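Listed below are the residues making up each chain.
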Amino acid sequence: MVNVILDLKNVTKRFGGLVAVDEVSFSVRRGEILGLIGPNGAGKTTLFNVITGVYKPEGGRVIFKGVDITGMPAHRIAKMGIAKTHQIVKPFNDMTVLENAMIGALFGKRSGKIGMGEAREVARRMVEFVGLGEKANHLASQLTLHEKKLLEIARALSAEPELLLLDEALAGLNPREIEESLGLIKRVNEEMGVTIIMVEHVMHAVMNIAERIVVLHYGRKISEGSPEEVANDPEVITAYLGDPSLALRFVRRRGA
Amino acid sequence: MSRAPGYLKSPTLLLIVVVVAYILGERLAGLMTLDALMLFMYFLGIAAALNIIMGFAGYVSFGHAVFLGIGAYTYILLVYFVPTMNSLQKMGAGLGVFAVAVVAGLAAAAVAATIGAVVLRLRGAFFAIATIGLDFAALYIVKGVVPTLNPEQFYGAQVILPSWAIVPKEDVFNAMLLTFLLVILTNYAVRRSGFGMGLLAIKEDEDAAEVLGVPTAKYKTIAFTLSAFFTGMLGAIFALNGGGVDEGIFHLGHSINMIVMIVIGGLGTVSGPIVGGIIYYWLYDLLLIHYPGLNLVILGIIVGLVVLFAPEGIIGILRKLTFQGVRLRELLE
Amino acid sequence: MDVSILAINVVSGLMWGCVLGVAAIGLTLLWGVMKVVNLAHGELLLLGGYAIAWLYVTYGLNPLVGALAALAIGVAAGAAIYWALLHKLVGKVDIITLRIEMSTLLMMFALSIALYNVYSHVTRSEPRGIGLWHVGPTSVVKFGPVAVQMNHLFAAVLALFITIAVHLFLTRTMVGKAIRAVMQDSQAAALVGIDPVKIKMFTAMLAIGVTALSGFLVLLYESSIIPGTAYKYAPLGFVIVVLGGLGSILGSFIGGVIIGVVYGLSKVIVAELYSPMASDPIALSTAFVILVLVLLFKPEGLFGRR
């Protein structure tokens, strides 16, 4: 049997009349990289916020490592081993890079059982792992966007998570930075054994790195499978291009 | 920064030692009156007390006068109405005063824990406005209720300690010194703890902190309660030294004093309220002597200039400087 | 309980509420449009009141004309405050509005300390008023069993006029419409060609102008003012703004009336059930209990949108 780390069952999240996430179900296998894609407003970030406990879903269950975490406060979910990076980077600007990562270490998986010294060591290791070692004592506000995104990852990793949610970790980066970040994400997955769900708009990147892909559209799951399967799914192409006939032509051309 | 010999390298600790040495020196030399020295400690103390919630967690409370008031009224009413409390406060050369002040502080802390659990859900200006509301609610309630407790003896909401409840000034001084040390060292301990790191994360970005695992609601309530506890103790000893209390203790101006000291010194550090408190006390004194009547006008202008040109406060500016290759930020916490 | 006592208190609360409502308009505009929490509100209100009293006592200027002067002084003060104190803070592009809010809050707070103490120094905290210019607090109008003080009635009627005038200004004039657009979405407004800096300055001028003008109503209602009057009207202003919803003129007026009536009612109830001595302060405290409750359970206000 496949080892499932996260299981979503019919998750629904509404904002007033708007259904942002509509009866979405899928499972994440331990150790995989899962891509979560969909056009703008498909509900990807909302779904991340439901998983991390920022939003309480109106319906459905979120099961993490066999435990029902639906509606748990966000800080307890973090402690159970889920970490997230933000789409719009949210570094603690008035803290150094190292201190930012220390917050992750202090309140992550070993929250309450880790001293300041040990937290500093974990933080330093992670800061070096993402390649910010030389900037450990710089204020977070002095970093470039790319470095801030790396800091988000270092901070999340310092929590020693089992599941890492990356919300558009590549957006706004130039091609070289994207390559570097992809390498880093792979290393996180392979060397640290962290399961990853990544929301991504940079399509070729996610197709490249993810083993499986889930596609959301208007809050509903419309497709799931390997990158090839998803790329050839007419419904997915329709969702992205908005026109069924155009989509069909697109599929035919690719098939040819 | 390596951690082991940190005591010697930490200017914050050095600052604390210097300030305490100064107080003790003045006490021995007897150049400053006991009252002036107590006012000095009271100023620095309330700034440090508010610092726990405002400096570290970033919640600007205009309602701390409420806790000063609760502490003051609890202390005064306790020794007024409860004979054991009155005998307790006269014991141990100030230790008794300290003990009763702890009870007063606990009363303030209890109210803070109850109110804090709900009010701390509000953020930024809404929190500030709510605490202004609490201050006025408390002011008007005390104005209404206290006179009815003992209409023959109390003048309005004013309670004056009768001669049998007066404590020697030396005892009050000792209790104040003890409380002052306690609040400053608590600041230092909080700043160096994981709890303090969590509070700083809340100040920077509360949502991000929560997702990273910081139990934000719990931490804010603890910080608010701790802050109220020390504020209540200081209010109690302040009132005892003044020989009584009236509703003026709830005046917004008291909260404002605390906020101004932290703004001048700088948020988020242990040295901020100490430096801000010293400058404020000094300015207060200086301006009062040279420009009586206009002293607070000038103070207002100074605060405005700080907000416009040095929003991080004095310690904030110092932290940005580099000294012989070492960034001062790493030294000043 | 005597029904007429209840009626008198409710009616007098109603009229005070009208004054409170107008006194909060400037506050709600600054907060709603610019995210500036004006802690100097009470002192700016007194700026108008003191100006009118001074012009009347020194030059015998009719306070109605004085009120127009107060308006002009407030408008000028609004422009000055915007450029000298606020522009640098609200113009900053900071994704965290919280920082803007807190820095402007502290700034206005600094202004409040300064102004308050200027007033205390200049007036030596003695009351200032317009003497017996208005028909005097003794003159009353009777509506059945309810006797109404003439100055209170006059203040309430003026309050109603000012509210309507500000409402019309915001809905009918170009500048007013632009202010409302910026209030709803500052970035979108900029996209359609509205200069947000200009509009923010106009907002400050309008808001502080109305605030100074409402100093006239407070002067009428209270007969005389002291620096401490600021500490009564500014906090109540915050209650009303929160109750009525940020930026809502009519919400502010209705919020004022609600607070006034609740005050009148609780005064009677506390006097009856607890102690007449405690009735006034405790009735005032109800307003702040309402404030905290609204903030917690309906933070967008009774009539506001979020």
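Residues numbered from 1 in each chain as written. Chains lettered and ligands numbered in written order. Predicted model: local features only at pLDDT ≥ 70, side-chain atom pairs only at ≥ 80, totals over all residues. Heavy atoms only, no water.

Chemist: An account of the overall build of chain B is requested, with residue identities and associated values reported.
Modeler: When its secondary structure is counted, chain B shows 15 helices and four strands. The C-alpha radius of gyration of chain B comes to 20 Å, within 12% of the 20 Å expected for a compact globule of 333 residues. Structurally, chain B occupies a C-alpha span of about 65 × 50 × 40 Å along its principal axes. For chain B, contacts bridging at least 24 residues in sequence account for 78% of all contacts bridging at least 6. Accessible area of chain B: about 12100 Å², with a carbon and sulfur share of 70%. (Helix = DSSP H or I, 4+ residues; strand = E, 2+ residues; numbered from the N terminus. Rg over C-alpha atoms; globule rule 2.2 N^0.38 Å. Contact = heavy atoms within 4.5 Å. Areas by Shrake-Rupley, 256 points an atom, 1.4 Å probe, with all protein chains shown as cover.)

Chemist: Provide a residue-level description of the overall build of chain C, including the pertinent values.
Modeler: Helices and strands together make up the secondary structure of chain C, namely 12 helices and four strands. For a compact globule of 306 residues, the expected C-alpha radius of gyration is about 19 Å, and chain C comes in at 19 Å, within 12% of that figure. Each principal axis of the C-alpha atoms in chain C carries an extent, and together these give about 60 × 50 × 35 Å. Sequence separation of 24 or more characterises 76% of the internal contacts of chain C that already satisfy a separation of 6 or more. Accessible area for chain C stands at about 12400 Å²; split by element, carbon and sulfur atoms hold 71% of it. Put simply, chain C has 17 plus and 11 minus side-chain charges, and the middle of one group is 9 Å from the middle of the other. (Lys, Arg positive; Asp, Glu negative; His and termini not counted. Charge placed at Lys NZ, Arg CZ, Asp CG, Glu CD.)

Chemist: Hey, could you go over empty space enclosed by the protein for me, with residue numbers and the actual values?
Modeler: If a probe as big as a water molecule is rolled over the atoms, it shows which places are left empty. Going through the model one piece at a time under the given rule, you end up with five cavities of 30 Å³ or more. Taken as a whole, the largest cavity spans an internal volume of roughly 140 Å³. Taken together, 15 residues make up the lining of the largest cavity; nearest its centre are Leu 252 of chain B together with Leu 39, Ser 112, Tyr 231 and Ala 234 of chain C. Broken down by secondary-structure element, the contributors of at least two residues to the lining of the largest cavity are α7 (124-149) and α12 (252-265) of chain B together with α3 (41-59), α5 (97-123) and α10 (230-244) of chain C. Element by element, the count of residues in the lining of the largest cavity is highest for α10 of chain C, at five residues. Residue composition of the lining of the largest cavity, by class: 12 nonpolar, two polar and one charged. (1 Å grid on protein atoms, 1.4 Å probe; cavity = no way out; pocket = protein on both sides within 12 Å on 5 of 7 lines; lining within 4 Å. Points joined across faces, edges and corners; volume = space filled by probe spheres on them. Nonpolar A, V, L, I, M, F, W, Y, C, P; charged D, E, K, R; others polar.)

Chemist: Now, about the interface of chain B and chain C: what can you tell me, with residues and values included?
Modeler: Across the contact, 43 residues belong to chain B and 43 residues belong to chain C. Roughly 3700 Å² is buried in total at the junction of chain B and chain C, and carbon and sulfur atoms are behind 82% of that figure. For the interface between chain B and chain C, the tally reads zero salt bridges. Inspection of the region where chain B meets chain C yields zero residue pairs in polar contact (both at pLDDT 80 or more). Contributing elements (two or more residues each) for the side of chain B that touches chain C: α6 (95-119), α7, α12 and α14 (295-309) of chain B. Of the residues assigned to the side of chain B that touches chain C, the class counts are 31 nonpolar, eight polar and four charged. (Buried area = accessible area lost by both parts, 1.4 Å probe. Salt bridge = Lys/Arg side-chain N within 4 Å of Asp/Glu carboxyl O. Polar contact = N/O pair within 3.5 Å; in protein donor to acceptor, adjacent residues only side chain to side chain.)

Chemist: So what's going on with helix α9 (residues 194-204) of chain B? Which residues, and what values?
Modeler: Residues and elements named next belong to chain B. Of all 11 residues in α9, 10 are buried, a share of seventy percent or more. Restricting attention to buried positions, one finds in α9 the residues Gly 194, Phe 195, Gly 196, Met 197, Gly 198, Leu 199, Leu 200, Ala 201, Ile 202 and Glu 204. Between the side-chain oxygen at the start of α9 and the backbone nitrogen of Phe 195 there is a gap of 3.3 Å, and the oxygen is on Ser 193. (Buried < 20%, exposed > 50% of the residue type's maximum accessible area, 1.4 Å probe, protein only.)

Chemist: Quick one: what's the story with the arrangement of the chains, residue by residue and with numbers?
Modeler: Between all two pairs of chains that are in contact, chains B and C come out with the most contacts. The least C-alpha distance between chain A and chain C, which are not in contact, is 11 Å.

Chemist: Give me the lowdown on the packing of helix α4 (residues 64-81) of chain B against helix α11 (residues 216-242) of chain B, citing residues and values where you can.
Modeler: Residues and elements named next belong to chain B. At a minimum axis separation of 7 Å, α4 and α11 run at an interaxial angle of 50°. Judged by the inter-axis angle, α4 sits oblique to α11. Seen along the crossing, α4 lies across α11 with a hand that is right-handed. Across the interface between the two elements, His 64, Phe 67, Leu 68, Gly 71, Ala 72, Tyr 75 and Ile 76 of α4 pack against Phe 224, Ser 227, Ala 228, Thr 231, Gly 232, Leu 234, Gly 235, Ala 236, Ala 239 and Leu 240 of α11. In terms of residue class, the contact of α4 with α11 is made up of 11 nonpolar, six polar and no charged. (Axes fitted to C-alpha atoms, helices over the stretch in contact; angles between N-to-C directions. Parallel < 35°, antiparallel > 145°, perpendicular 65-115°, else oblique. Left-handed = near helix turned anticlockwise from the far one by under 90°.)

Chemist: Could you give an account of a nonpolar patch on the surface, naming the residues involved and the relevant values?
Modeler: Judged by side-chain polarity, Leu 265, Ile 269, Leu 273 and Tyr 274 of chain C come together as a nonpolar surface patch covering roughly 400 Å² of accessible area. When you line up the elements, Tyr 274 of chain C lands in the loop between α11 (249-273) and α12 (279-297). (Patch = residues over 30% accessible without salt bridge, like charges linked within 9 Å, V, L, I, M, F, W, Y side chains within 5 Å.)

Chemist: Residue-level account of the interface of chain B and chain A, with values.
Modeler: In this complex, chain B contributes 25 residues to the contact, which on the side of chain A involves 26 residues. The junction of chain B with chain A conceals about 2200 Å² of combined surface from both sides, 64% of it contributed by carbon and sulfur atoms. Looking only at chain B, the three residues that lose the most surface to chain A are Met 197, Val 211 and Leu 212 of chain B, adding up to 31% of its buried area. The interface formed by chain B and chain A includes zero salt bridges. Where chain B touches chain A, the interface holds four residue pairs in polar contact (both at pLDDT 80 or more). Element by element, the count of residues in the side of chain B that touches chain A is highest for α9 of chain B, at six residues.

Chemist: Explain the confidence of the model for chain B residue by residue, including any values.
Modeler: Detailed conclusions should not be drawn from predicted coordinates in areas where pLDDT is low. Residues and elements named next belong to chain B. With 93% of its residues at a pLDDT of 70 or more, chain B shows a mean pLDDT of 84. At the low end of the mean pLDDT range in chain B sits helix α1 (residues 6-9), at 50; at the high end sits α11, at 95. When the criterion is pLDDT under 50, residues 1-7 qualifies, and its contacts beyond four places in sequence or with other chains add up to seven contacts. (pLDDT = per-residue confidence, 0-100.)

Chemist: With reference to specific residues and values, describe unusual backbone geometry.
Modeler: The backbone of Glu 23 of chain A sits at a positive phi, close to 50°, despite the residue not being glycine. Assignment of secondary structure puts Glu 23 of chain A in strand β2 (residues 18-29). Not every positive phi belongs to a glycine, and Lys 35 of chain C is a case in point at roughly 60°. Owing to a relative accessible area of 31%, Lys 35 of chain C belongs among the partly exposed residues under this scheme.

Chemist: Before we move on, could you go through a positive patch on the surface and cite the residues and values that matter?
Modeler: Together, Arg 76, Lys 79 and Lys 113 of chain A together with Lys 218 of chain B make up a positively charged patch on the protein surface. Counting through the fold element by element, Lys 79 of chain A comes out in helix α2 (residues 74-80).

Chemist: Could you give an account of the nonpolar core, with specific residues and numbers?
Modeler: Counting 289 residues, the largest nonpolar core has Phe 62, Tyr 73 and Tyr 75 of chain B as its most contacted members. At 18 residues, helix α3 (residues 34-56) of chain B tops the list of elements feeding residues into this core. Both domains that furnish three or more residues to this core are identified here as domain 1 (4-81 + 162-255) and domain 2 (89-160) of chain A. Ignoring anything within four residues of it in the chain, the contact list for Tyr 75 of chain B reads Gln 89, Val 97, Val 100, Ala 101, Ala 104, Ala 236 and Leu 240 of chain B. Leu 6, Leu 36, Ile 51 and Leu 165 of chain A belong to the second-largest nonpolar core, a separate cluster that totals 28 residues. (Core = buried A, V, L, I, M, F, W, Y, C linked by side-chain atoms within 4.5 Å. Domains from an automatic or database assignment.)

Chemist: Can you lay out the pairing of strand β3 (residues 146-149) of chain C for me, pointing to particular residues and giving the numbers?
Modeler: All names here are of chain C. Of the two faces of β3, only one is covered, namely that formed by Val 146 and Val 148; the face formed by Ala 147 and Gln 149 stays uncovered. Bridge analysis of strand β2 (residues 140-143) against β3 gives four bridges, and the strand direction is antiparallel. Looking at the pairing, Lys 142 lines up with Ala 147 of β3. The loop that links β2 with its antiparallel partner β3 comprises two residues; one of these, Gly 144, has a positive phi angle of about 60°. (Pairing = 2+ DSSP bridges.)

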